[in-house]
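# Remarks on the overall topology
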Amino acid sequence: MSDPSSVIDDLSRESEQLDALVGELEEERWTLATPAPRWTVAHQIAHLAWTDRSALLAVTDAPAFAHEVEKALASPDGFVDEGADEGAALPPDRLLAEWRAGRQALEKALRAAPAGTRFPWYGPPMSVASMATGRLMETWAHGQDIADTLHVMRPPTDRLRHVARIGVRARNFAFGVRGLTPPEEDFRVELTAPSGEVWAYGPEDAAQRVTGPALDFCLLVTQRANRVDLAVRAKGLDADRWLDIAQAFAGPPGTGRAPKGTTE
């Protein structure tokens, strides 16, 4: 993406939509359990605030971010939960203020970054656009956890194109992180956007194909819903196997969500 301003704009809008959902919550509702094991509403916002702080360091202070990576390597199985626990212990008004300030500082830093800049991250280095896209994906996914907890239906928007794109691009990662050999051939992915537009990826004549609503695909690749509850369809054995393991996020394989009506 040559001009990252559009994805930064969309990140801002996605954050504002989530802010509208949690900004007026009564204090006791911040302690509600979300679908993520052991995480409350406060943990979800605390995680976003923590990751925004890490991203801001990566963009503005590489040596300080390197120190954060060292801490992550020292506690690979716990550093994400530890960051969420720390933020969730704050009073909701303070946590909300810190999340707002942090995301606004990150937006400002991303907009000011010179074209072509790449920043260190916990995985491969990130461009401005990829950093903003990753933050949007997480904001949307953790916002979905909160919306599910509050029994709120969020109208899907075409901002999902950023989440879908990550999900498609992460196909080989999803195989590799499970010790599986990624398929050699490209897949065709055709997703129907909330606007009715069709987002297409891969060669038109590919034998392996995935189709369905963009919202359902995004819920699948962020592991916010079980495949059996979604209208995403595969044609071809490799495409079918991908839908069982797809993930748009870095890190180890997620446990996913149980089908509706069952207990995890």
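Scroll up for the structure.
To start, this report covers the structure provided alongside it. Quick caveat, the model's predicted, so the values are computed rather than measured.

Across five bridges, the pairing between strand β3 (residues 188–192) and strand β5 (residues 209–213) is parallel. Residue Thr-192 lies in a different strand from β5, and its bridge partner there is Pro-213. Here β3 pairs with strand β4 (residues 198–201) via four bridges, running antiparallel. Bridged to Thr-192 within β4 is Val-198. Between the antiparallel neighbours β3 and β4 lie five residues, among them Gly-196 with a positive phi of about 100°.

Using the criterion set out here, one finds 21 salt bridges in the structure. Close ionic contact of Glu-14 with Arg-154 constitutes a salt bridge, the shortest N to O distance being 3.9 Å. Here Glu-14 is found in helix α1 (residues 5–22), whereas its partner Arg-154 is found in the loop between α6 (128–150) and α7 (160–169), with 140 residues between them in sequence. Each member of the pair, Glu-14 together with Arg-154, is buried.

Counted under the stated rule, the structure contains eight aromatic pairs. Where Trp-50 meets Tyr-122, the ring centres are 6.4 Å apart and the plane angle is 15°; that geometry is what we call stacked. Of this pair, Trp-50 sits in helix α2 (residues 41–60) while Tyr-122 sits in the loop between β1 (118–119) and β2 (126–127), and the two are 72 residues apart along the sequence. The class for Trp-50 is buried, based on a relative accessible area of 13%. An aromatic cluster is present here, built from Trp-50, Phe-65, Phe-79, Trp-121 and Tyr-122 joined pairwise through their rings. The side chain of Arg-103 reaches across the aromatic face of Trp-99, ending 4.3 Å from its centre.

Relative orientation of the contacting elements α6 and α7 amounts to 105°, with a least axis distance of 9 Å. Classified by the interaxial angle, the pair formed by α6 and α7 is roughly perpendicular. Contacts from Thr-133, Gly-134, Leu-136, Met-137 and Trp-140 in α6 reach Leu-160, His-162, Val-163 and Ile-166 in α7. Tallied by class, residues from the contact of α6 with α7 come to six nonpolar, three polar and no charged.

Read from one edge to the other, the open sheet built from four strands follows the order β4-β3-β5-β6, with strand pairing classed as mixed. What marks the edges here is a single partner per strand, and that holds for β4 and β6 (233–235). Sheet twist, expressed as the average angle between the axes of neighbouring strands with direction ignored, equals 10°. The strands that α7 touches are β3 and β4; relative to β4, the one it contacts most, it runs at about 20°.

Now for the pairing of β5. Of the pairings in the sheet, the one linking β5 to β6 comprises three bridges and is antiparallel in character. The residue of β6 that forms the bridge with Arg-209 is Lys-235.

The next subject is the packing of α1 against helix α5 (residues 92–112). Running from N to C, α1 and α5 cross one another at 170°; their axes reach a closest spacing of 11 Å. When the axes of α1 and α5 are compared, the pair comes out roughly antiparallel. Between α1 and α5, the residues in contact are Ser-5, Ile-8, Asp-9, Ser-12, Ser-15, Glu-16, Leu-18, Asp-19 and Val-22 and Leu-96, Trp-99, Arg-100, Arg-103, Glu-107, Leu-110 and Arg-111, respectively. A class-by-class count of the residues in the contact of α1 with α5 yields six nonpolar, three polar and seven charged.

The subject of this paragraph is the layout of surface pockets. The probe, sized like a water molecule, is rolled over the atoms to show the empty space still left. By volume, the second largest pocket amounts to about 640 Å³. Around the second largest pocket, the lining comprises 31 residues; the ones closest to its centre are Gln-144, Asp-148, Leu-219, Arg-224 and Lys-260. At four residues, the largest contribution of residues to the lining of the second largest pocket is made by α6.

Reading guide: rules and limits
- Residues numbered from 1 in each chain as written.
- Predicted model: local features only at pLDDT ≥ 70, side-chain atom pairs only at ≥ 80, totals over all residues.
- Heavy atoms only, no water.
- Pairing = 2+ DSSP bridges.
- Helix = DSSP H or I, 4+ residues; strand = E, 2+ residues; numbered from the N terminus.
- Salt bridge = Lys/Arg side-chain N within 4 Å of Asp/Glu carboxyl O.
- Buried < 20%, exposed > 50% of the residue type's maximum accessible area, 1.4 Å probe, protein only.
- Phe/Tyr/Trp six-rings, centres within 6.5 Å; stacked < 30°, edge-to-face > 60°.
- Lys NZ or Arg CZ within 6 Å of the ring centre and 35° of its normal.
- Axes fitted to C-alpha atoms, helices over the stretch in contact; angles between N-to-C directions.
- Parallel < 35°, antiparallel > 145°, perpendicular 65-115°, else oblique.
- Contact = heavy atoms within 4.5 Å.
- Nonpolar A, V, L, I, M, F, W, Y, C, P; charged D, E, K, R; others polar.
- 1 Å grid on protein atoms, 1.4 Å probe; cavity = no way out; pocket = protein on both sides within 12 Å on 5 of 7 lines; lining within 4 Å.
- Points joined across faces, edges and corners; volume = space filled by probe spheres on them.

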